[in-house]
Amino acid sequence: MIDIKDLIKSRYAQDSDLKKSFDMPDSISKRILRKSCRKFKKSKVSKEILISLIASAQAAPSKSNLQQYSILLIKNKEIKNKLSKLLEKTAWALEAPLFFLFLADIRRNQIITEYKGYEYKNNSIDYFMNAVIDASLAMQNFINSAEEFGLGICPISMVRNHLEEVKKMCHLPKGVFPIAGLSVGWPDENNEVSIRLPIKVVFHEDFYNDKDMLKQIDQYDKTIERVQPIPKSKQRHVNVYGFNEKNTWSENISRQMSLSERKEFKKWLKSHGFNLD
Ligand SMILES: Cc1cc2nc3c(=O)[nH]c(=O)nc-3n(C[C@H](O)[C@H](O)[C@H](O)COP(=O)(O)O)c2cc1C
């Protein structure tokens, strides 16, 4: 068992102001110290583990138990090769023994509703969001269990840069789209725990309050620079903004936020069975 104060130190690179120490159950310590994995051993993951992970995913909470998601495992070598070419710098994702697409899925309940003789009247932005939340929670439950088995994972949003191709490759019908890919396998690297925003920045009590937020972000930048400096090679949009010696977290995310990404997403969703009304 590890003390909460040590866990806070590792997760935030900050001392905790907690007065009391207490021992954390191992599973929670592991959760607090979790990290993504981008390099995997070749060894296979057994069918029994796979089914346990799917069952864990399906155990996640689901809005009105509507279960508006599906999980697709890509096994076919040809599809894997095609996808890996599309993902370019993220091609490593397909080297994991298992690669999944987590799919928001409003189609299944549309079919059921019509089969039962009712008219489907919920092709709305609210149902789109519910389906995305359901798929996300299922993916997170899957991730928690995978990591509990000692597997490494990395979610892959890059698949959303190639929605039309992925749709064709995996025969995704209207009303079904990948919120993310997920690489899963036995880890072949030992990454650092990535230091998170201070608790104060994301946790509020009673009232939302970001009065000191920029000051705290400045502090966070300094912490990252000290313990986990972002390498120059990871500075975003250098071709547009050039190099900045201060390669801080806030500089990097601001650069990312300043150029619009996936501009065609809404149009594509609308062409693919999501009305978003
Ligand atoms: C929805 C989602 C999509 C992601 N997509 C990618 C991706 O395309 N490529 C990648 O290398 N990491 C991806 N990640 C992983 C994040 O980069 C990672 O979680 C973040 O840097 C924090 O690191 P950690 O998970 O090790 O704490 C994604 C994570 C999420 C939640």
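For clarity, every value in this text was computed on a predicted model and none was experimentally measured.

Thoughts on the overall build of the protein chain
Secondary structure summary: the protein chain contains 12 helices and six strands in total. Along the longest, intermediate and shortest principal axes, the C-alpha atoms of the protein chain span 60 × 45 × 45 Å. When each of the 277 residues of the protein chain is scored for burial, the buried share is 39%. Taking all contacts inside the protein chain whose residues are at least 6 apart in sequence as the whole, residues at least 24 apart take part in 73%. If you average the places of the 46 positive and of the 34 negative side-chain charges in the protein chain, the two averages end up 5 Å apart.

Structural notes on the layout of surface pockets
Where empty space is left becomes clear once a probe the size of a water molecule has been rolled over the atoms. Roughly 2,200 Å³ of internal volume is contained in the largest pocket. Contributing to the lining of the largest pocket are 41 residues, with R38, K234, R236, N252 and Q256 lying nearest its centre. Take the lining of the largest pocket: its biggest share by element is five residues, from helix 11 (residues 249–257). Class assignment of the residues belonging to the lining of the largest pocket gives a composition of 16 nonpolar, 12 polar and 13 charged. Tallied by class, the residues present in the lining of the second largest pocket amount to five nonpolar, four polar and three charged.

Focus: the site of the ligand
What surrounds the ligand is the set R34, K35, S36, R38, W92, C154, P155, I156, S157, M158, S194 and R196. Within the side chain of R34, a nitrogen or oxygen atom sits 3.2 Å from an oxygen atom of the ligand. A distance of 3.4 Å separates an oxygen atom of the ligand from a polar atom in the backbone of M158. Protein chains bury 62% of the 620 Å² of accessible surface belonging to the ligand in isolation. Of the pockets mapped on this structure, the ligand occupies the largest pocket.

The rules behind these values
- Residues numbered from 1 in each chain as written.
- Predicted model: local features only at pLDDT ≥ 70, side-chain atom pairs only at ≥ 80, totals over all residues.
- Heavy atoms only, no water.
- Helix = DSSP H or I, 4+ residues; strand = E, 2+ residues; numbered from the N terminus.
- Buried < 20%, exposed > 50% of the residue type's maximum accessible area, 1.4 Å probe, protein only.
- Contact = heavy atoms within 4.5 Å.
- Lys, Arg positive; Asp, Glu negative; His and termini not counted.
- Charge placed at Lys NZ, Arg CZ, Asp CG, Glu CD.
- 1 Å grid on protein atoms, 1.4 Å probe; cavity = no way out; pocket = protein on both sides within 12 Å on 5 of 7 lines; lining within 4 Å.
- Points joined across faces, edges and corners; volume = space filled by probe spheres on them.
- Nonpolar A, V, L, I, M, F, W, Y, C, P; charged D, E, K, R; others polar.
- Near = heavy atom within 4 Å.
- Polar contact = N/O pair within 3.5 Å; in protein donor to acceptor, adjacent residues only side chain to side chain.
- Areas by Shrake-Rupley, 256 points an atom, 1.4 Å probe, with all protein chains shown as cover.
- Sits in = over half its atoms within 2 Å of the grid points.

Fair warning: the whole summary comes from geometry, so function is off the table for now.
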